[in-house]
Each structure stands twice: as structure tokens, then as C-alpha cells.
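Coordinate analysis (summary)
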Amino acid sequence: MSTSANSYNAGIMAKTGKDFADEYFAEKNQVVHESDTVVLVLKKSDELNTVVEEILLGSHKDQNRTLVVEDRAGFWWLKANGKIEIDCREVSELLGKSYSVYDLLVDVSSTIGRAYTLDETFTITSELMGLDVKLQDIH
Amino acid sequence: MAISSATKAATDALEVNRAPVSVGAQEVHKWLQSFTWDFDKNRTKYSTKYHMANDTKEQFKLIAKEYARMESVKDERQFGSLQDVLTRVDAANRVHPKWNESMKVISNFLEVGEYNAIAATGMLWDSATAPEQKNGYLGQVLDEIRHTNQCGYINYYFAKQGQDAAGHNDARRTRAIGPLWKGMKRVFSDGFISGDAVECSINLQLVGEACFTNPLIVAVTEWASANGDEMTPTVFLSIETDELRHMANGYQTVVSIANDEAASKYLNTDLNNAFWTQQKYFTPVLGMMFEYGSHFKVEPWVKTWNRWVYEDWGGIWIGRLGKYGVESPASLRDAKKDAYWAHHDLFMIAYALWPTGFFRLTLPTAEEAEWYEANYPGWYDMYGKVYEEWRARGCEDPNSGFLPLQWFIENNHPIYIDRVSQVPFCPSYSKGASTLRVLELNGKKHSFSDQWGERMWLSEPERYECQNIFEQYEGRELSEVIAEGHGVRSDGFTLIAQPHTSKDGRLWTLDDIKKIGCVFADPLKSL
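First, a word on scope: everything that follows refers to the structure included in this document. (Residues numbered from 1 in each chain as written. Chains lettered and ligands numbered in written order. Predicted model: local features only at pLDDT ≥ 70, side-chain atom pairs only at ≥ 80, totals over all residues. Heavy atoms only, no water.)

Let's talk about the pattern of salt bridges
- Applying the stated criterion across every chain, the model contains 56 salt bridges over all chains.
- Among the ionic contacts, a cluster of salt bridges with common partners joins Glu71(B), Lys74(B), Asp75(B), Asp143(B), Arg146(B), Asp242(B) and Arg245(B). (Salt bridge = Lys/Arg side-chain N within 4 Å of Asp/Glu carboxyl O.)

Topic: the packing of aromatic side chains
All names here are of chain B.
- Applying the stated criterion to the full structure yields 44 aromatic pairs over all chains.
- Measuring from centroid to centroid gives 5.9 Å for phenylalanine 109 and phenylalanine 358, while their planes differ by 55°, and the two rings are tilted. One end of the pair, phenylalanine 109, is in helix H4 (residues 97-127); the other, phenylalanine 358, is in the loop between helix H11 (332-352) and helix H12 (366-375), with 249 residues separating them in the sequence.
- We classify phenylalanine 109 as buried; its relative accessible area is 4%.
- Of the residues examined, phenylalanine 358 reaches a relative accessible area of 2% and is grouped as buried. (Phe/Tyr/Trp six-rings, centres within 6.5 Å; stacked < 30°, edge-to-face > 60°. Helix = DSSP H or I, 4+ residues; strand = E, 2+ residues; numbered from the N terminus. Buried < 20%, exposed > 50% of the residue type's maximum accessible area, 1.4 Å probe, protein only.)

Structural notes on H11(B)
- Between its first and last C-alpha atoms H11(B) spans 29 Å; for 21 residues at 1.5 Å apiece the expected length is 30 Å, and the two agree.
- Within H11(B), 18 of the 21 residues are buried, leaving the element largely enclosed by the surrounding structure. (Expected span 1.5 Å × (residues − 1).)

Here's the deal with the interface of chain B and chain A
- Across the contact, 67 residues belong to chain B and 67 residues belong to chain A.
- Scanning the region where chain B abuts chain A turns up 9 salt bridges.
- Measuring nitrogen to oxygen at the nearest pair gives 2.9 Å for the salt bridge that ties Arg77(B) to Glu47(A).
- Across the chain B-chain A interface, the total number found is 38 residue pairs in polar contact (both at pLDDT 80 or more).
- Residue assignment for the side of chain B that touches chain A shows that the elements contributing at least two residues are helix H2 (25-32), helix H3 (64-88), helix H7 (197-226), helix H8 (231-257), helix H10 (301-318), H11 and H12 of chain B.
- Per-element tally for the side of chain B that touches chain A: the top contributor is H10(B), with 15 residues.
- Residue composition of the side of chain B that touches chain A, grouped by class: 30 nonpolar, 17 polar and 20 charged. (Contact = heavy atoms within 4.5 Å. Polar contact = N/O pair within 3.5 Å; in protein donor to acceptor, adjacent residues only side chain to side chain. Nonpolar A, V, L, I, M, F, W, Y, C, P; charged D, E, K, R; others polar.)

Re the nonpolar core
- Counting residues in each nonpolar core, the largest one holds 160 residues, and the members touching the most others are Met231(B), Phe236(B), Phe290(B), Trp305(B) and Trp390(B).
- If you tally residues by element for this core, the top one is H7(B), at 16 residues.
- Among all residues touching Trp390(B), those that are not within four sequence positions of it are Met348(B), Tyr351(B), Ala352(B), Leu363(B), Cys395(B), Phe402(B), Pro404(B), Trp407(B) and Phe408(B).
- By size, the runner-up hydrophobic cluster in this structure holds 36 residues, among which are Leu40(A), Leu42(A), Leu48(A) and Tyr102(A). (Core = buried A, V, L, I, M, F, W, Y, C linked by side-chain atoms within 4.5 Å.)

Observations regarding the sheet that holds strand E2 (residues 68-72) of chain A
- Spatially, E2-E3-E1-E5 (chain A) is the arrangement adopted by the 4 strands of the open sheet, whose pairing is antiparallel. Looking at the sheet topology across the chains shown, the edges are occupied by E2 and strand E5 (108-112) of chain A. Taken pair by pair, the neighbouring strands of this sheet meet at an average axis angle of 15°, ignoring direction.
- By the bridge criterion, 4 bridges tie strand E1 (residues 37-43) of chain A to E5(A) in an arrangement that is antiparallel. In the sheet register, Leu42(A) faces E5(A), and the bridge partner there is Val108(A).
- Together, E1, strand E3 (75-81) and E5 of chain A form the strand contacts of H8(B), whose direction differs from that of E5(A) by roughly 45°. (Pairing = 2+ DSSP bridges. Axes fitted to C-alpha atoms, helices over the stretch in contact; angles between N-to-C directions.)

Notes on the pairing of E3(A)
Residue and element names in this part refer to chain A.
- Among the 7 residues that make up E3, 6 are buried, leaving the element largely enclosed by the rest of the structure.
- As defined by bridge partners, E1 adjoins E3 across 7 bridges and the pair is classed as antiparallel. Residue pairing for E3: threonine 37 is matched across the bridge by asparagine 81.
- Sheet analysis places E2 next to E3, joined by 5 bridges and oriented antiparallel. Opposite valine 69, over in E3, you have leucine 78 as the bridge partner.

Quick look at the layout of surface pockets
Residues and elements named next belong to chain B.
- Taken as a whole, the largest pocket spans an internal volume of roughly 500 Å³.
- Lining of the largest pocket is provided by 24 residues; of these, Leu62, Pro131, Asn135, Gly136 and Leu138 occupy positions nearest its centre.
- Of all the secondary structure elements, the ones that give two or more residues to the lining of the largest pocket are H2, H3, helix H5 (131-161) and H8.
- Ranked by residue count, the leading element in the lining of the largest pocket is H5, at 8 residues.
- Of the volumes computed, that of the second largest pocket is approximately 400 Å³.
- Contributing to the lining of the second largest pocket are 22 residues, with Leu405, Ile409, Ile415, Phe470 and Ala521 lying nearest its centre.
- In terms of residue count, the dominant contributor to the lining of the second largest pocket is helix H14 (residues 405-410) (3 residues).
- Residues of the lining of the second largest pocket, tallied by class, amount to 18 nonpolar, 4 polar and no charged. (1 Å grid on protein atoms, 1.4 Å probe; cavity = no way out; pocket = protein on both sides within 12 Å on 5 of 7 lines; lining within 4 Å. Points joined across faces, edges and corners; volume = space filled by probe spheres on them.)

Below, the structure written as C-alpha cells:
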């Protein structure tokens, strides 16, 4: 079981019964707390399984050590600090076929954070795109 | 001959920005941006108190060609799975019967939400002035049409291939008598399409989609899989692949008004109203469907809510916007209490009113009662022992002559309907955040379960005039109302709703209900 603070059942979620209730109803938890994390839900498919196993947990694992990936039956659930980025040119090379960022979006199921595309890259970030950081167009 | 201003704008744009020689989607998208037009005289049918900036972006840079290709692949994968593998393995009959009933509610209600979201995003397209923002909203209009069809299709699939068609095939005909329908219309219809356009966006996109679609459309697939349902993950996770663009639309709506003076005055109130409106219904109904409508439990609903609503939506969406003046919703404390208890309160009332539904409900087994007590300490003393009494009085057996609603009457626990959310509540037997408040306007009494709805009603009481079932059917006998409201199966006398999912248990008929002599009464009249 993952001990990362980003795992599906981290922190309070690992508690049960009265212990869970005590923390859940604690005064400090009656307001929202800002989080620097992002969440990504990927529908399982041949392509997305490859993205998860070969790229995010494979060649790019060192790029963000806070990334956690969990198998939740029909989907992969991902959580990380800062951002998660997928370059579809790399996916295309790995799959051996043309695979654009719009092909990726066929199976990207949910996002919590600011998700956007630029050229062939998909990014989900904790940054406030359009407020703190300008959204770019292809050059 | 004079050329139109639109033609001139296009001609001028072509002068400075030649058409791209490649067909790269994002290059085309960038080029299309030069085909903007003058919004000085823009008129919208749907006004807003906010000023929406006209330079707002669309985060995914979609053009029509890529959109159509992407969506056709999604549909091909979804329908391919359903019509080939899942039909061949008889997947619809492998679903646990309890979960089969939950999907009658979830998919039928979501269909209504998707249908209303078509109108909501059409309205937003009309209100926005930024071309990219309009593009994002327009894509969403098309998505919502797709989702309406998908929800309709999954009910059709369950009805055609599965184990109990009644309720999957024609649920909407029961909408006048089912007490859950009107609350659903409040969140999924009124909240999305009535009033200020930006406020509707906050309801639909920033709260409904960015927050509650994650439990409703993503987490639900975990429960479905655990209970043998492979169709729902196939369809719902495909629906959700569009929702991320809708969440981005909602965020960009906020971006477009972030520098408007009106945001500092109204945004936190509108956000709190939207959060309370959406949570007031979704929190108890989803919790009830997940926990009481399943055999195999994934996790306590309160944990699902804590993860997707409090920690992630609250922290990552709302918390991050704190430096722009967005505050933690004032109603969060009550919402958290509801997330822990309100679905238990609602199930108790739903089971008591079961003949008015379009689905079958089942009382928790002894094994499930242990699970509830372990995860919600205090559950047994409040709910478990009452269910034991109901079962001992034969609530599942038509020969018993006992409807659990009688227990509420015998013990002087009147059930009211909250005027704003239309959610039923029992103030004298509740552990959620509901307390009774009654106000009178023009000689008519109105009941409220919380201060948040009461405040909304006080600011525009004319918006909440929907009759509840107690007012609508006062003095009428229950079996008559069920027959009139189409609550029977194709034989004309067996109820669609039942208080059990047992294959061996006898099904209740109109005659069984008539023998009990239950008559609707408006509890507000006796106050």
C-alpha cells in the first residue's frame, strides 16, 4: 500500500469509525484548505494503459516523484503535486502510430486542476491559467 | 455594392494572417481567432449582473473537425463494447439486483440533467462575448446532446437486456408522484437554466460538473464494477471525457469575471448558493444510491464525498482561487454534516414512501447493518433498530398491511418537504443538518429544512412555487394516486416500486395498497 500523501486512501481516508468522524468534524476541517495537487482520471484503454505504465510510471517517473497512480476498476486515478504532463509525440512513437493530443482526450475522463493543450502536449496544473499565467497559443 | 461588416472583417483578417498551409488543428485554431467580430452592439437574451471579458480563452483549442473525430471514436468504443462483448456475456443479467435498481434512478435522473444542460450552455453561448469562450460553450452544447442520448441508451440497454425492465424503460411517467423527482428538477433544471447567466454557469459548471460529476459519474463506476455492472463504467467514463472541458468552461467563466467589480460583491454569495443547492440534493441521493442500493460496498459514502468534494474540489478549485477573493462556502459545515448523515435520513423516508417510486428498495441485511455501524457509529440506535421493527411487522409482505409510513405517523414524526430544494425531511427524526423552519406568505405556509434555502427563498419567493406531493394530493387515497401517476407495471395493477428485490417475494399491487387506506395529508395544515 502506498504511503504517499497523495494516495487514494491517504491521511483521514485511512481512518475508520470514530477516528474518522473526529477528524472529519474537527473545527479546522470546516473550511476548505488550498491544495497544490492535481487529479487526473484516465479511462482504461490500450493507449492509456501504455501512457500510464510506460511513460508516467516508466520513463518519466523521476520527473515528478509525488505522482501516485491507482487502479480503480474502470479507470486509472492519478494525483500529483504541481502538474502532470503528457507529450503525445512520445506516445505516438511508443504506440507506433499517429496519436494526437485529441486522440488522448478520447480517454481522459476527469480533471481536478487547470487542464489545457498546447500543440501535442496535454497538461494539468495547479497554476491558475488565465489568471496567474497566460494561456499560450501555438507559435 | 457595400460589403457586410462580417465580410470586411474576414477580408481584413486574411490580409494580415494568411490561411495555414498545414492542417494542424491548433494552427487552424489560432488562425480562426482572427475571425473575430465587433461586440460593441452585442445583445444577449440572457443577461447577467457580471461583465464577462471578451478575451477569455478556451483551454483545449478545439476545432469542429477534431471535435467530431474525437467524439465519433468515443461512441465507437462505447457502443462497440456494449453491443459485442457485453451482450455476448449477458452482462446486464450479472448485475446485482440492488444495483440494477440504483441505475434506474442514477441514469434516468442524469439524463434530465444532461438535457437541461443543453439549454444552459446554449444560454451561456449567447451571453459570452469572447469567441474562444463561445467556442467552448458550443462544444458543450453538443456534448450535452450526446450525454442525453447516452443516458437514454443505458436505460434502454438495461431494459432490453437486463432483469427488471420496469423503471428503466419509462421512469419519467412517474414524475408527478415520486418525491425524488422534484428535487432533481431543482438541481438539474432550475439551477442550471433559471436566473442570472453566470450564476447558472456556477451551478452547472463550477459546482455541478467540476464537483459533483466526480462522485456521480466517476466514483459511481467503482460501485458499479463492484456490483457486477460493466455497462455503466463503459458509458459513464465516456461521458466524463467531455466533462473536463465543461469544468474548464466553468473555470474560464470565473476567469472572465475575475476583474469585474461585481465579482467582489456577488461571487461568494452565488458560489455558496450554488454549492448548497447542488449538495442539498446530490449528497443524500448519491449516498443513498451507493450505500443502500448496492450489495458490495466500495467505501463509506462520506469518504467518497470527503475525497472528491471537500479535499479535491474544495482544495484544488476553490482553495486555489482564495487569492482572488473566493471564500470557502459558508454552508460547508452543514454540507459536511449532511454528507455523514443525510443519506441515512433520506433512505429512511424513501423506504417509508416506497410505493411512490419507480424502483425497488431493500432494507439493510444484518451484515450490512454491521458495516453501517462500524462506519457511522450511532447508526444502529437511530436507524438499524427501526428497520428491525419494520421487518418484524412484515413491511416487505403485501399481506402484512404495513407501510413504514405508518411508523412515522404512529410515532408523531411528520415528514415535510423543503420548499426550495424539494427534498423531504423529518425534523423530529433526523441526524443530518435539517431543522424545521416555517414561513407564511399571502396566507400560504412554506416549510424549510435549513437557513441556506430559506435565505434563497426570502430573496425571490416567486421562484419556488412548485407544489409538493402533500399539497398536490391532499385528501387523496394512495393507490388512486399511484394509478393516476402511472406507477404500475404493464399488467396495470402491480406496482413498479417494491420494498424488496427478492425473486421469491410477492409483488405489491394496487389492491394491497388500497386495503391499507393511506390518505395524503399536508403536515403544514396542522401547524
